[in-house]
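# Observations on the three-dimensional arrangement
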Amino acid sequence: MKYGYFEDKNKEYVITNPRTPVKWINYIGTLDFGGFVDHTGGALICKGDPSLNRIVKYIQQMPSSEFKGETLYLRFRQGDGYKIFSPFFVPTLDPYDLYECHVGLGYTCIISEFYGIRTECTIFVPIQDAREIREIKITNKTGKNLELDAISVVEYTHFDAVKQFNNADWLPQTMQSRCIQEKDGLLTLIQYAFMRRETNVNFFTSNHPVSSFESDRKRFLGNNEYGTWSNPFSLQKKELGNYEAHRGDNIGALLHHLGSLKPGETKSFITQLGQEQSFEKARDGIEKYRSTEAVKKEFTEINGFWDEFLSRMQVETPDPNMNRMLNIHNPRQCFITKNWSRYLSYYQLGMGTRGIGFRDSSQDVMGVIDRIPEESKKLLKKLMMVQRIKGSAMHSFNPLTMEGSKGETDDRPDRPQYYGDDHLWIVLAVTTYLKETGDMEFLEEVIPYYEKDKDGQPQESGTVLDHMKRALNFTMNDKGQHGLPLLGFADWNDTVNLRTGAESLFNTHLCSRGLLEMIELCNYLGDNAVAKSYQAEYDKQKETFNRTSWDGEWYVRYFDSDGTPLGSHKNEYGKIYINAQSWSLISGMATSDRAEKALDSLNKLLNTSKGIKISWPGFNGYDQTKGGITTYPPGAKENGGIFLHTNPWVIIAETLLGRGERAYEYYNQINPAAKNDIADEYECEPYVYAQNILGNEHPQFGLARNSWLSGTASWMYQAGTRFILGIRPDYNGLVIDPCIPKKWDGFKVARKYKNAVYNIEVKNPKHINKGISQLKVDGKEINGNTAPVFGDVKTHSVEAVMG
């Protein structure tokens, strides 16, 4: 545990060594206002749109030792000048006696001790407000009186994040800062791009008197910027320059003279960073949060929100790492991915037009429906608003303007102009919502399709049920030479871009899973005729699939436009693909004998000690006919890497076969909490899932990247709670269907479902993997393995005995 440890009681991960292999971050606020804070106090903050309304300049590609976005300096007299250091370690890199970065739920708290000075800085965004709060407490532990100054610093970016880096002429001419002097030595620095002076004004202020300020980076660093962030020349002067920048690289630096601190004395202040239409409109909020009581109240509300959010499901298994992930960090990450999709992270730079991904958010929402159903419903409606009339969907969209993008197809007019899987995910997402809430009225809500007329009005609208049917119909009518669904530009695996006419077995499985969901829904609604028609289509697809796609030991992944299989033993590269095996079970398309054989082949050829690879062997050179997959070296990302999003699908598939040992083995292999002791190999945060780990064909096998914003979060949560523990909602109640290791004596779950609380205890006296022999609800034995819907707000006991 070289870099930190889990503090489960406080729901935190505590970093104790700031020299982490890469920056480890935490999210504060939401897409409405917020961003991320790294473990050394740097931050990237935006309001509404990270691409078009960014506030703080944070350059991810710069070395970890460099200043990024925000920091705090402290200084005291030393000889003829000042000793300057940052209690956040970066950018001054001074030796520390104590360093703790508490990665909390919606906040980061950095506690450090340098030179006998203890600093505590709590960073968060209030739930109902648009500002970053930094509450700073500084304690003198030197044993003698100490004169101390504190300098809070932020570096601004142009609101258009792309232009910040591609126009060094026009852009700096637009950036300006002004100072608003207030009573009692208080002041607020405002900053804006000239053309948005009347609409978008950034403010930076403190509740402590500010003796001087600086707003120009060149003047702050000094000596024509040959001063550095690690030792700005301006901080060797008693006061800053009080310069109001008229152009150039704008910053905000506030110098607080804290005065003389006696031994053991603590002084504190609060800074605010935000954006409003004008200072006048921001004034009331600024005044409010200058109060320590107001800040304390807002921080308490954040804790209350997360207590409620997490309380909706809590588990107690024999595995502490599984508990901390399913109880704290995994649902938290699901909430973050639901909010941010793939918009902005340390790896997703939030520039350009990516926005909210249709397929991404359709899967992300499935991980939070049980905790925030109403917010989930709103997102589902937004997603359906970018579905096309014929049933396919825009690949991504800006959530503020609802303008859609076709993704990379725009750059390849020679290829199909749609992704073959996007639209199908909405069927799974909506049915997950319906099973959780019972809100069947949602199916009748009318939602417009994406296409607009010349006046910008929707050309057509349809009910939610109509949207689901059109999604399936699009794929059912979009088939190739084998009678299987076409690939489109790509399916879930964006990097395989075959020629027009290629068929995708993933799209086949996803459509088939959607058909099963619609059959179940239509039967529940009493629409047996529609259910029967879907069943006929499913049966036909299953026969075609098994006739065409079995390779002898596993299922193939694609058929190219000329009919050549990919994911076959006949191929030199990419002989076997993970999704072709796992989804053959999830879709129910695999026959029983082939299902087991396919997963055994996967285990033999794709499994590693660090996770399951996406394919094998990796392509060893660029091949234009295969696409982006061949831009990576073997073992990286989609080219034979451990693409973690795919692993929970294998876990689910193994539970469907009743193989609890393998399901649990695969779960543990990629559980980040279990990698805390090998952080120098793994490198990413041990408290959230990453997107990928380098596979064993790569020299750096085991190294992870692209943490936080990954579909891995939602699917690992679903795999853990709904399939290993087997607690999943159905139209008729809460199903208890665990598939666990034989060595487990059992486990407990507290689950809120349709307003009632289910206290579930599963016992495993015969030490088997799967099967419920007895179910008691409130002391009464009932048939089957489904606890009923109660329609009340009471607590009910559920006892399930495996056998």
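Fair warning: this is a prediction, and the values are worked out from it, not measured in the lab. (Residues numbered from 1 in each chain as written. Predicted model: local features only at pLDDT ≥ 70, side-chain atom pairs only at ≥ 80, totals over all residues. Heavy atoms only, no water.)

## Brief notes about the overall build of the protein chain
The test is simple: Here a strand is any run of E in DSSP of at least two residues, a helix any run of H or I of at least four, and the numbering for each starts at the N terminus. The reference for a compact globule is 2.2 Å times residues^0.38; the radius of gyration itself is calculated from the C-alpha atoms. Only protein chains enter the calculation, and the probe is 1.4 Å; a residue is then buried if its accessible area is under 20% of its type maximum, exposed if over 50%, and partly exposed in between. Whether two residues touch is decided by their heavy atoms; if any such pair falls within 4.5 Å, the residues are in contact. Accessible surface is estimated by sampling points in the Shrake-Rupley manner with a 1.4 Å probe; for residues, cover comes only from the protein chains shown. For this count, His and the chain ends are skipped, Lys and Arg are scored as positive, and Asp and Glu as negative. Taken as the charge location is NZ of Lys, CZ of Arg, CG of Asp or CD of Glu.
Helix and strand counts for the protein chain stand at 18 helices and 42 strands. A globule of 803 residues ought to have a C-alpha radius of gyration of about 28 Å, and the protein chain, at 28 Å, matches this closely. Considering only C-alpha atoms, the protein chain reaches an extent of 85 × 60 × 50 Å along its principal axes. Looking at the protein chain as a whole, 64% of its 803 residues are labelled buried. Expressed as a percentage of contacts within the protein chain between residues at least 6 apart in sequence, the contacts between residues at least 24 apart total 65%. Summed over all atoms, the accessible surface of the protein chain reaches about 28800 Å², with 48% contributed by carbon and sulfur. Each charge sign in the protein chain was given a centre, from 94 positive and 102 negative side chains, and these centres are 1 Å apart.

## What to know about the side chain of threonine 655
Applied cut-off: Within 3.5 Å is the distance limit for a polar contact, defined as a pair of N or O atoms, with the added protein rule that one can donate a hydrogen and the other accept it, and that residues adjacent in sequence qualify only through two side-chain atoms.
Relative to the helices and strands, threonine 655 resides in helix H15 (residues 647-656). Within the structure, threonine 655 has its side chain in polar contact with the backbone oxygen of isoleucine 652 (distance 2.6 Å).

## Quick notes on the sheet that holds strand E10 (residues 117-124)
Within a sheet, each strand pairs with its neighbour through backbone hydrogen bonds, oriented either parallel or antiparallel. Stated precisely, the cut-off is as follows: DSSP bridges decide pairing: two strands pair if at least two such bridges lie between them. Each axis is a line fitted through C-alpha atoms, taken for helices only over the stretch in contact, and angles between the N-to-C directions span 0 to 180 degrees.
Strand order in the open sheet made by the 10 strands is E1-E2-E8-E9-E10-E11-E18-E15-E14-E13, with antiparallel pairing throughout. Pairing within the sheet leaves two strands with one partner each, and these edge strands are strand E1 (4-7) and strand E13 (175-181). The average undirected angle you get between the axes of adjacent strands in this sheet is 15°. In this structure, strand E11 (residues 131-140) lies alongside strand E18 (residues 266-276), joined through nine bridges in antiparallel fashion. The partner of threonine 139 across the bridge, within E18, is threonine 266.

## Re the environment of threonine 205
Note on placement: threonine 205 falls in strand E15 (residues 201-206). When the C-alpha positions of threonine 205 and serine 504 are compared, they lie 55 Å apart, and in sequence the two are 299 residues distant. Residues within four places of threonine 205 in sequence aside, it is in contact with Glu182, Leu187, Thr188, Leu254, Ile270, Thr271, Gln272, Ile286 and Arg290. Of the polar contacts made by the side chain of threonine 205, one reaches the backbone oxygen of leucine 187; its length is 2.8 Å.

## Let's talk about the packing of H15 against helix H18 (residues 712-724)
The line we're drawing: Throughout this description, any angle smaller than 35 degrees is read as roughly parallel, any larger than 145 degrees as roughly antiparallel, any in the 65 to 115 degree range as roughly perpendicular, and the remainder as oblique. When the near helix sits turned anticlockwise from the far one by under a right angle, the crossing is termed left-handed; a clockwise turn instead gives a right-handed crossing. Three categories are distinguished: nonpolar for Ala, Val, Leu, Ile, Met, Phe, Trp, Tyr, Cys and Pro, charged for Asp, Glu, Lys and Arg, and polar for the others, with Gly belonging to the last.
Orientation of H15 relative to H18, taken along the N-to-C sense of each, is 15°, at an axis distance of 9 Å. It follows that H15 is roughly parallel to H18 by the angle criterion. Judged by the twist between their axes, the crossing of H15 over H18 is left-handed. Contact residues: Pro648, Trp649, Ile651, Ile652 and Thr655 in H15; Trp715, Met716, Ala719, Phe723 and Ile724 in H18. Taken together, the residues of the contact of H15 with H18 break down into nine nonpolar, one polar and no charged.

## Focus on the packing of aromatic side chains
Going by this rule: We call Phe, Tyr and Trp rings a pair once their centres come within 6.5 Å, taking the six-membered ring for Trp, and we label the pair stacked below 30 degrees between planes, edge-to-face above 60, and tilted otherwise.
Inspection of the entire model under this criterion finds 54 aromatic pairs. A ring pair is formed by phenylalanine 305 and phenylalanine 309, whose centres lie 6.0 Å apart and whose planes are at 25°; its orientation type is stacked. Of this pair, phenylalanine 305 and phenylalanine 309 both sit in helix H5 (residues 292-311), four residues apart, roughly one helical turn. Phenylalanine 305 sits in the partly exposed class, given a relative accessible area of 28%.

## Here's the deal with the packing of helix H8 (residues 373-384) against helix H9 (residues 425-437)
Between H8 and H9, the least distance of the axes is 11 Å, while the angle of their chain directions is 155°. Viewed along their axes, H8 and H9 adopt a mutual orientation that is roughly antiparallel. Crossing geometry of H8 relative to H9 is assigned as left-handed. Between H8, through Pro373, Glu374, Lys377, Leu380, Leu383 and Met384, and H9, the contact on the second element is made entirely by Ile426, Ala429, Val430, Tyr433 and Thr437.

## Here's the deal with the environment of leucine 74
Locating leucine 74 in the fold gives a position in strand E6 (residues 70-78). Sequence separation between leucine 74 and serine 86 is 12 residues, and the spatial gap between their C-alpha atoms is 6.0 Å.

## Re the pattern of salt bridges
The following threshold applies: Any Lys or Arg side-chain nitrogen found within 4 Å of a carboxyl oxygen on Asp or Glu counts as a salt bridge.
Inspection of every chain in the model, using the stated rule, returns 56 salt bridges. Ionic pairing is found between glutamate 301 and lysine 297, a salt bridge with its closest N-O pair at 3.0 Å. Taken together, the positions of glutamate 301 and lysine 297, both in helix H5 and four residues apart, correspond to about one turn of that helix. The partner of glutamate 537 in a salt bridge is lysine 479, with the nearest N and O atoms 2.7 Å apart. Of this pair, glutamate 537 sits in helix H12 (residues 528-548) while lysine 479 is found in the loop between helix H10 (464-476) and strand E25 (503-504), placing the two residues 58 residues apart along the sequence. By relative accessible area, which is 14% here, glutamate 537 ends up buried. Overlapping salt bridges bring together Lys57, Glu155, Arg217, Glu225 and Asp249 as one network.

## A few points about the environment of serine 773
Residue placement: serine 773 occurs in strand E39 (residues 772-777). Here the alpha-carbon distance between serine 773 and methionine 175, two residues 598 residues apart in the chain, equals 70 Å.

## Side note on the pairing of strand E2 (residues 12-15)
Burial along E2 is two-sided: the residues Glu12 and Val14 and Tyr13 and Ile15 are all buried. One ladder, built from four bridges, connects E1 with E2; its direction is antiparallel. Residue glutamate 7 lies in a different strand from E2, and its bridge partner there is glutamate 12. Counting the residues in the hairpin turn of E1 and E2 gives four residues, including lysine 11, whose phi is positive at 60°.

## Looking at the sheet that holds strand E26 (residues 558-559)
Ordered by their spatial adjacency, three strands build an open sheet running E25-E26-E27, and the pairing between neighbours is antiparallel. The open sheet has two edge strands with one neighbour each: E25 and strand E27 (565-566). Pairing between E26 and E27: two bridges, direction antiparallel. Looking across to E27, one finds that tyrosine 558 is bridged to leucine 566.

## Some details on the state of the cysteines
Rules: In plain terms, two cysteine sulfur atoms within 2.5 Å form what is called a disulfide here.
Under the counting rule described, the total for this entry stands at zero disulfides. Cysteine 121 provides the cysteine sulfur closest to cysteine 109, a residue in no disulfide bond, and the two sulfurs are 7.4 Å apart. Since its relative accessible area comes to 11%, cysteine 109 is described here as buried.

## Notes on unusual backbone geometry
Glycine aside, negative phi is the norm for most residues, and most peptide bonds take the trans geometry. Here the bond from valine 90 into proline 91 is cis, since omega is 15°, no more than 30 degrees from zero. Position of proline 91 among the secondary structure elements: in the loop between strand E7 (81-85) and strand E8 (98-103). Tryptophan 616 connects to proline 617 through a cis peptide bond whose omega is -15°. By secondary structure assignment, the location of proline 617 is in the loop between strand E31 (615-616) and strand E32 (642-643). With a phi close to 50°, serine 341 is a non-glycine residue in the positive phi region. Residue placement: serine 341 occurs in the loop between helix H6 (320-340) and strand E20 (356-357). Although it is not a glycine, aspartate 778 adopts a positive phi angle of roughly 55°. Relative to the assigned elements, aspartate 778 resides in the loop between E39 and strand E40 (780-782). The partly exposed category is assigned to aspartate 778, whose relative accessible area is 37%.

## Concerning H18
The criterion, for reference: By definition here, a helix of n residues has an expected span of 1.5 Å times n minus one.
Over its 13 residues, H18 runs only 16 Å from end to end, short of the ideal 18 Å by more than 12%, given 1.5 Å per residue. In terms of burial, H18 is largely enclosed, as 13 of its 13 residues are buried. Looking at the residues trailing H18, positive phi occurs at glycine 726, about 75°.

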